[in-house]
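Fold and geometry: a report
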Amino acid sequence: MTKAVRVHELGGPEVLTYEDVQVPAPAAGEVRIRQHAIGVNFIDTYFRSGLYKAPQLPFIAGNEASGEVVEVGPGVTGFHPGDRVAYYSALGSYAAERVFAADRLVKLPDRITHEQGAVLMLKGLTVWYLLHKTFKVEPHHRVLIHAAAGGIGLLACQWAKAMGAHVIGTVGSKEKGELALANGCDHVIYYNEENFVDRVKQISRNELCDVVYDGVGKTTYPGSLSCLKPRGMWVSFGNASGPVPPFAIAELNNHGSLFATRPKLNDYVAKRSELLEGADTLFSAVIDGKLHVPINHAYALKDAAKAHVDLEARKTTGAVILKV
């Protein structure tokens with residue numbers, strides 16, 4: 001038996017139940033992992049609440065973690081007991097131990113800690129595909145990053161700045177603004193005090209942005225469209241404030257022949273070669289000093305509900321982890 005956090009019914013943070021679960025022996029192609037650190041993400045709250053549909057109830061929450069291999073199943077040749085590993089998956093990471101498919105694991109370099117590995121696999125790989133694949137950021141680009149002081153936001157600001165872009169970020173408080181400025185933002189906009197569209201126009205001298213990275217959703221639409229120059233791209237990759245309502249495609253035409261996309265990580269790392277490309281690029285950026293991984297909040301696994309409360313109340317900055 002091991003400890004895990006399961007959801008038996010959909011709802012608020014109170015439905016996260018810390019309990020004993022049985023961990024099976026690894027089957028063919030699987031390994032058993034003793035976990036050291038677990039990433040906490042907004043997508044975890046979407047599955048918990050029912051916004052995203054889980055395969056079944058009950059389920060173990062969570063989507064990324066790092067740890068060490070303790071047992072390998074039949075046919076596994078690339079991993080051995082003692083290997084330091086990390087992964088991103090659809091559910092199951094809020095646990096002290098688990099079995100996992102070996103072909104979806106990556107090995108952690110010696111210079112990447114378990115805490116870093118636990119937040120790089122979902123948040124870091126998300127930033128990788130957003131900036132390198134969905135819209136390839138180049139030195140002449142002006143980018144707007146909503147929720148710039150969040151786990152994804154701080155990594156995105158750093159990496160976009162390292163790629164030579166002019167970075168504008170929206171934040172909810174002065175404390176978060178200072179954090180965003182220290183992590184690559186050239187300008188911050190306080191969306192509780194300022195109209196972010198007006199400020200983008202002012203900052204850019206009405207030239208607007210090449211791309212908007214929007215993980216907020218409902219409350220930033222349609223303002224995000226008004227921040228884009230003609231033929232710019234709106235990348236709507238999250239729903240922190242709720243899902244974007246249905247809208248007429250003519251809105252893209254009205255704002256200047258815009259492009260819009262609603263991407264997800266799974267479609268960018270579906271092949272193992274893509275997963276390894278993303279992980280290698282990401283780990284290299286951390287080791288080379290281009291990316292600092294800000295882990296500002298750590299909770300015990302048994303306190304996962306508290307982590308969700310604080311995350312949804314916007315009390316956290318940077319990455320949030322659970323310690324086993």
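Report follows, based on the coordinates. Predicted model, so just to flag it, every value in this text is computed and none were measured.

1. Brief notes about the overall build of the protein chain
Looking only at helices and strands, one finds nine helices and 16 strands in the protein chain. When its C-alpha atoms are laid out on the principal axes, the protein chain stretches across 60 × 40 × 35 Å. Looking at the protein chain residue by residue over its 324 residues, the buried ones come to 55%. When the accessible surface of the protein chain is split by element, carbon and sulfur atoms take 51% of a total near 13,700 Å². Positive and negative side-chain charges in the protein chain, numbering 34 and 33 respectively, have mean positions lying 2 Å apart.

2. Comments concerning unusual backbone geometry
Each neighbour pair has its own omega, and for Leu 57 with Pro 58 the value is -10°, a cis peptide bond. You can see Pro 58 is positioned in the loop between helix H1 (42-49) and strand S4 (59-60). Cis rather than trans, the peptide bond between Tyr 221 and Pro 222 has omega equal to 5°. Its place among the elements puts Pro 222 in the loop between strand S12 (209-214) and helix H6 (223-226). The phi torsion at Ala 147 lies on the positive side, around 55°, for a residue other than glycine. Here Ala 147 lies in the loop between strand S9 (142-145) and helix H3 (151-162). Judged by relative accessible area, which is 36%, Ala 147 ranks as partly exposed. In the Ramachandran plot, Arg 231 falls in the positive-phi region, its phi being about 70° despite a non-glycine side chain. On the basis of relative accessibility, which here comes to 64%, the residue Arg 231 falls in the exposed class.

3. Observations concerning the side chain of Ser 66
Among the secondary structure elements, Ser 66 is positioned in strand S5 (residues 64-72). Within the structure, the side chain of Ser 66 is placed 2.6 Å from the backbone oxygen of His 114, a separation counted as a polar contact. Once you skip the residues sitting within four places of it in the chain, Ser 66 turns out to touch Gln 35, His 36, Ala 37, Val 85, Ala 86, Leu 108, His 114, Gly 117 and Ala 118.

4. Thoughts on the pattern of salt bridges
Following the criterion strictly, the structure yields 16 salt bridges and no others. Among the salt bridges present, the one from Glu 115 reaches Lys 323, with a minimum N-O distance of 2.5 Å. Of the two residues, Glu 115 is situated in helix H2 (residues 114-134) and Lys 323 in strand S16 (residues 319-323); the sequence distance between them amounts to 208 residues. A salt bridge links Glu 194 to Arg 199; the shortest N-O distance between them is 3.1 Å. Connected through shared salt-bridge partners, Arg 32, Arg 34 and Glu 97 make up one network.

5. Some words on the packing of H2 against helix H8 (residues 272-287)
It is the contact of H2 with H8, at a shortest axis distance of 9 Å, that shows an interaxial angle of 105°. Classed by the angle they form, the pair H2 and H8 counts as roughly perpendicular. Residue-level inspection shows Gln 116, Leu 120, Met 121, Gly 124, Leu 125, Trp 128 and Lys 133 of H2 in contact with H8, the latter providing Glu 274, Leu 275, Glu 277, Gly 278, Ala 279, Thr 281, Leu 282, Phe 283 and Val 286. Classifying every residue of the contact of H2 with H8 gives nine nonpolar, four polar and three charged.

Cut-offs used in this document
Residues numbered from 1 in each chain as written. Predicted model: local features only at pLDDT ≥ 70, side-chain atom pairs only at ≥ 80, totals over all residues. Heavy atoms only, no water. Helix = DSSP H or I, 4+ residues; strand = E, 2+ residues; numbered from the N terminus. Buried < 20%, exposed > 50% of the residue type's maximum accessible area, 1.4 Å probe, protein only. Areas by Shrake-Rupley, 256 points an atom, 1.4 Å probe, with all protein chains shown as cover. Lys, Arg positive; Asp, Glu negative; His and termini not counted. Charge placed at Lys NZ, Arg CZ, Asp CG, Glu CD. Polar contact = N/O pair within 3.5 Å; in protein donor to acceptor, adjacent residues only side chain to side chain. Contact = heavy atoms within 4.5 Å. Salt bridge = Lys/Arg side-chain N within 4 Å of Asp/Glu carboxyl O. Axes fitted to C-alpha atoms, helices over the stretch in contact; angles between N-to-C directions. Parallel < 35°, antiparallel > 145°, perpendicular 65-115°, else oblique. Nonpolar A, V, L, I, M, F, W, Y, C, P; charged D, E, K, R; others polar.

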